[in-house]
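Close look at the chain arrangement
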Amino acid sequence: LRGVSFDVAPGEIFGFIGPNGAGKTTTIRVMTTLLEPTAGRVEIEGYDVGVDPEKVRRLIGYMPDHAGVYEQVTVREYLEFFADAYDVSEGGRDYAAVDAVLELTELARLEDKLVVSMSKGMKQRLQLGRVLLHDPKVLILDEPASDLDPRARIEMRDLLVELRSMGKTVFLSSHILTELADVCTSVAILERGSLVVAGPIAEISERLAAARAAPGDAEPAARVEASRRTLRLKVRGDEAAVAAALAGAAFVSKVGPGPAGSVHVAFSGGDPEVEDIVRRLVRADVGVLGVEPERSELERIFLEVTRGDLQ
């Protein structure tokens, strides 16, 4: 890691993004007191991870990627074991924390089920339940949706949103950009051990747009050509009607067929150009039934600010 610096505000779902080998896991290991930094400082709720690691560990809930679970026990036995380990069960006399976690993660109906017989998605829920037992303020989750099927990913995403509504701060590392775009309030993008950009997604997008408008004043990572975007349109009409309506738009570079009868429109620009495209179609009496970007805003930012270099 080289000069990585960012802030995560209380109550955020903060997405930590980067290709393999970028330094995400190293950053997380430092944050969770598992790796001592050779320079710099990391603070969780005001506590330095190098100076007060025990206090930091009481404040965080860490769920590593592919951590695994004890399989030859039931769901309740698994959680009760860790409740004892976290010393939140009053010596094994009161498992109120376990009951609360079972309800929150919707695992109560499976409490007598052997862990070995559970699906990957349910095991991920169980791991998340484990790190919630001591009621941490900050959750640090490394690829929590890794290898999950679509339904399990949606359920995990909804659970993260619910945790945020409960006042938790969620630091989330993932490769699934579309999932992050749906839930994250801010992101940081890491490449080759260095921070490329960080902040709210909308704010980053505005900064990149300003950098394109004045490339001489831009940061090196944001010196890029005009952003090229693709819209997927669902219209009453065909590709030819869309092409004719957009013939006078200099910022439109290509109109072509898309999947399921949609029409793709490639253009340079941002939201004002999208508005102009829709206006031109309506004026040409082309019925517009749907407009959506081919890529999410977060995917577009990621491709714009990273080079795809490996360490």
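Source: prediction; values computed, not measured. (Residues numbered from 1 in each chain as written. Predicted model: local features only at pLDDT ≥ 70, side-chain atom pairs only at ≥ 80, totals over all residues. Heavy atoms only, no water.)

Quick notes on the sheet that holds strand S6 (residues 169–173)
Taken together, the 6 strands give an open sheet; going across it, the order is S4-S5-S6-S1-S7-S8, and neighbouring strands pair in mixed fashion. Of all strands in the sheet, those bounded by a partner on one side alone are strand S4 (60–63) and strand S8 (194–199). This sheet shows a mean twist of 15° between the axes of neighbouring strands, independent of strand direction. Inspection of the sheet shows strand S5 (residues 138–142) paired to S6 by 5 bridges, in the parallel sense. Residue pairing across strands places Val138 opposite Thr169, the latter belonging to S6. Where helix H6 (residues 150–165) meets the sheet, its contacts fall on strand S1 (13–17), S5 and S6, and the angle it forms with S1 comes to roughly 130°. (Pairing = 2+ DSSP bridges. Helix = DSSP H or I, 4+ residues; strand = E, 2+ residues; numbered from the N terminus. Axes fitted to C-alpha atoms, helices over the stretch in contact; angles between N-to-C directions. Contact = heavy atoms within 4.5 Å.)

A look at the confidence of the model for the protein
The predicted model of the protein averages 86 in pLDDT, with 92% of residues at 70 or higher. Taken as a whole, residues 218–226 scores under 50 in pLDDT and shows 13 contacts with residues more than four places along the chain or in a different chain. (pLDDT = per-residue confidence, 0-100.)

Looking at helix H10 (residues 271–283)
With 13 residues, H10 extends 18 Å between its outermost C-alpha atoms, agreeing within 8% with the 18 Å of an ideal straight helix rising 1.5 Å per residue. Where H10 terminates, the next one or two residues include Asp285, which has phi positive at roughly 65°. (Expected span 1.5 Å × (residues − 1).)

Examining the pairing of strand S11 (residues 263–268)
A regular strand places its side chains so that they alternate between the two faces of the sheet. Bridging between strand S9 (residues 228–236) and S11 involves 6 bridges; their strand directions are antiparallel. Opposite Arg228, over in S11, you have Ser268 as the bridge partner. Where strand S10 (residues 252–257) and S11 come together, 5 bridges link them in antiparallel fashion. Looking across to S11, one finds that Val255 is bridged to Val265. Counting the residues in the hairpin turn of S10 and S11 gives 5 residues, including Ala260, whose phi is positive at 55°.

Some remarks on the packing of helix H3 (residues 75–85) against helix H4 (residues 96–104)
Put simply, H3 and H4 touch, their axes get as near as 9 Å, and they point 130° apart. Between H3 and H4, the interaxial angle falls into the category oblique. As H3 runs across H4, the sense of the crossing is right-handed. Contacts from Val75, Arg76, Leu79, Glu80 and Ala83 of H3 reach H4 at Val98, Asp99, Val101 and Leu102. Tallied by class, the residues present in the contact of H3 with H4 amount to 6 nonpolar, no polar and 3 charged. (Parallel < 35°, antiparallel > 145°, perpendicular 65-115°, else oblique. Left-handed = near helix turned anticlockwise from the far one by under 90°. Nonpolar A, V, L, I, M, F, W, Y, C, P; charged D, E, K, R; others polar.)

Focus on the environment of Phe16
The residue Phe16 is located in strand S1 in this model. You can call Phe16 buried: its relative accessible area is 0%. As a C-alpha pair, Phe16 and Leu180 span 164 residues in sequence and 9.0 Å in three-dimensional space. Residues within four places of Phe16 in sequence aside, it is in contact with Phe6, Lys24, Thr27, Phe171, Leu172, Ser173, Ser174, Ala188 and Leu190. (Buried < 20%, exposed > 50% of the residue type's maximum accessible area, 1.4 Å probe, protein only.)

Considering the pairing of S9
Judged by which residues are buried, S9 turns out to be one-sided: Arg229, Leu231, Leu233 and Val235 face inward and are buried, whereas Arg228, Thr230, Arg232, Lys234 and Arg236, on the alternate face, are not. Both S9 and strand S12 (residues 287–293) contribute to a ladder of 6 bridges, which runs antiparallel. Across the sheet, Arg232 pairs through a bridge with Glu292, a residue of S12.

What to know about empty space enclosed by the protein
Under the counting rule described, the total for this entry stands at 1 cavity of 30 Å³ or more. Estimated volume of the largest cavity: approximately 100 Å³. Lining the largest cavity, in full, are Pro144, Ala145, Arg153, Met156, Arg157, Leu160, Leu172, Ser174, Ile176, Glu179, Leu180 and Val183. Those elements that provide at least two residues to the lining of the largest cavity are H6 and helix H7 (177–183). With 4 residues, the single largest contributor to the lining of the largest cavity is H6. A breakdown of the residues in the lining of the largest cavity according to their chemical character gives 8 nonpolar, 1 polar and 3 charged. (1 Å grid on protein atoms, 1.4 Å probe; cavity = no way out; pocket = protein on both sides within 12 Å on 5 of 7 lines; lining within 4 Å. Points joined across faces, edges and corners; volume = space filled by probe spheres on them.)

Some remarks on the side chain of Gln127
Among the structural elements, Gln127 can be located in helix H5 (residues 120–132). Ignoring anything within four residues of it in the chain, the contact list for Gln127 reads Met63, Pro64, Ala67, Gly68 and Val69.

What to know about unusual backbone geometry
For Asp87, which is not glycine, the phi dihedral falls at a positive 60°. For Asp87, the position within the fold is in the loop between H3 and H4. For Asp87, a relative accessible area of 62% corresponds to the exposed category. Positive phi values are uncommon outside glycine, yet Asp135 reaches one of about 55°. Mapped onto the fold, Asp135 is located in the loop between H5 and S5.

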